[in-house]
Amino acid sequence: MGIVERSGWSLHHWQITLAAMPAEVPDARRQVRLALRRWGWEDGAVDDIVSICSELLANAIRHGSSPDDEVDLMLWQSHGSVRVEVVDRRPDLKLPTVPVPRDESGRGLVIVGELAERMGMTTTRTTKTVWARVAPASDRTRKAQ
């Protein structure tokens with residue numbers, strides 16, 4: 001597991017590489033929470049961003065990785081918004097299914113969509129990146145109204 005953190009003019013970047021194992025997710029959540037607090041984010045927004053990271057990591061590990069793979073988690077802050085990116089080593093794009101009420105899973109991307117201002121996916125020949133953007137608190141309040 002490696003951690004990189006950089007700061008610049010109105011930009012922060014934080015990155016960690018994890019083994020593609022579910023046991024890695026709780027520590028990643030703790031580290032994301034610490035990074036966001038260092039950047040001055042408030043608890044409600046921190047909770048939302050941590051939830052987004054957790055859901056995207058769990059999906060990358062469960063659906064986009066083999067046990068010997070790694071996944072990358074990155075946070076980018078610019079002008080008060082945060083972009084979360086999770087990169088796995090499987091470039092295929094599987095469209096999410098819509099869960100029915102009795103399903104015990106399958107709601108992760110729905111949750112991310114509710115918490116994020118925008119989200120999307122990109123691929124290269126060897127990787128897939130799933131991303132979500134969380135707006136500043138004032139923008140999030142306006143979106144909810």
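Before reading further, recall that the structure is shown in the block above.
Residues numbered from 1 in each chain as written. Predicted model: local features only at pLDDT ≥ 70, side-chain atom pairs only at ≥ 80, totals over all residues. Heavy atoms only, no water.

Draft legend 1. Summary view of the pattern of salt bridges. Applying the stated criterion across every chain, the model contains seven salt bridges. D72 is paired through a salt bridge with R89; the nearest N and O atoms lie 3.1 Å apart. Note that D72 is positioned in strand β3 (residues 70-78) and R89 in the loop between β4 (81-88) and α3 (108-115), a separation of 17 residues in sequence. With relative accessibility at 31%, the residue R89 sits in the partly exposed group. The shortest N-O distance in the salt bridge between E117 and R133 comes to 1.6 Å. (Salt bridge = Lys/Arg side-chain N within 4 Å of Asp/Glu carboxyl O. Helix = DSSP H or I, 4+ residues; strand = E, 2+ residues; numbered from the N terminus. Buried < 20%, exposed > 50% of the residue type's maximum accessible area, 1.4 Å probe, protein only.)

Draft legend 2. Inspection of the nonpolar core at higher detail. With 32 residues, the main nonpolar core has V32, L36, I49, L73, L75 and V84 as its most contacted residues. Elements represented by at least two residues in this core include exactly β2 (11-19), α1 (25-38), α2 (43-63), β3, β4 and β6 (128-134). For L73, the contacting residues outside a window of four places in its chain are W14, Q15, I16, A28, V32, C53, L57, V84, E85 and V86. (Core = buried A, V, L, I, M, F, W, Y, C linked by side-chain atoms within 4.5 Å. Contact = heavy atoms within 4.5 Å.)

Draft legend 3. Structural view of the side chain of S81. Within the secondary structure layout, S81 lies in strand β4. By relative accessible area, S81 is classed as buried at 9%. At 3.3 Å, the side chain of S81 forms a polar contact with the side chain of R133. (Polar contact = N/O pair within 3.5 Å; in protein donor to acceptor, adjacent residues only side chain to side chain.)

Draft legend 4. Just the pairing of strand β5 (residues 118-123), in detail. Pairing geometry for β5 and β6, over six bridges, is antiparallel. Opposite T122, over in β6, you have T129 as the bridge partner. Counting the residues between successive antiparallel strands, the hairpin from β5 to β6 contains four residues. (Pairing = 2+ DSSP bridges.)

Draft legend 5. Focus on the packing of aromatic side chains. For the structure shown, the criterion picks out zero aromatic pairs. The positively charged end of R83 is found above the aromatic ring belonging to W131, 4.3 Å away from the centroid. (Phe/Tyr/Trp six-rings, centres within 6.5 Å; stacked < 30°, edge-to-face > 60°. Lys NZ or Arg CZ within 6 Å of the ring centre and 35° of its normal.)

Draft legend 6. Quick look at the environment of R90. Within the secondary structure layout, R90 lies in the loop between β4 and α3. Using a relative accessible area of 36% as the deciding quantity, one classes R90 as partly exposed. Through-space distance from the C-alpha of R90 to that of S65 is 6.5 Å; in sequence the pair is 25 residues apart. Aside from chain neighbours lying at most four places away, what touches R90 is H63, G64, T126, T127 and K128.

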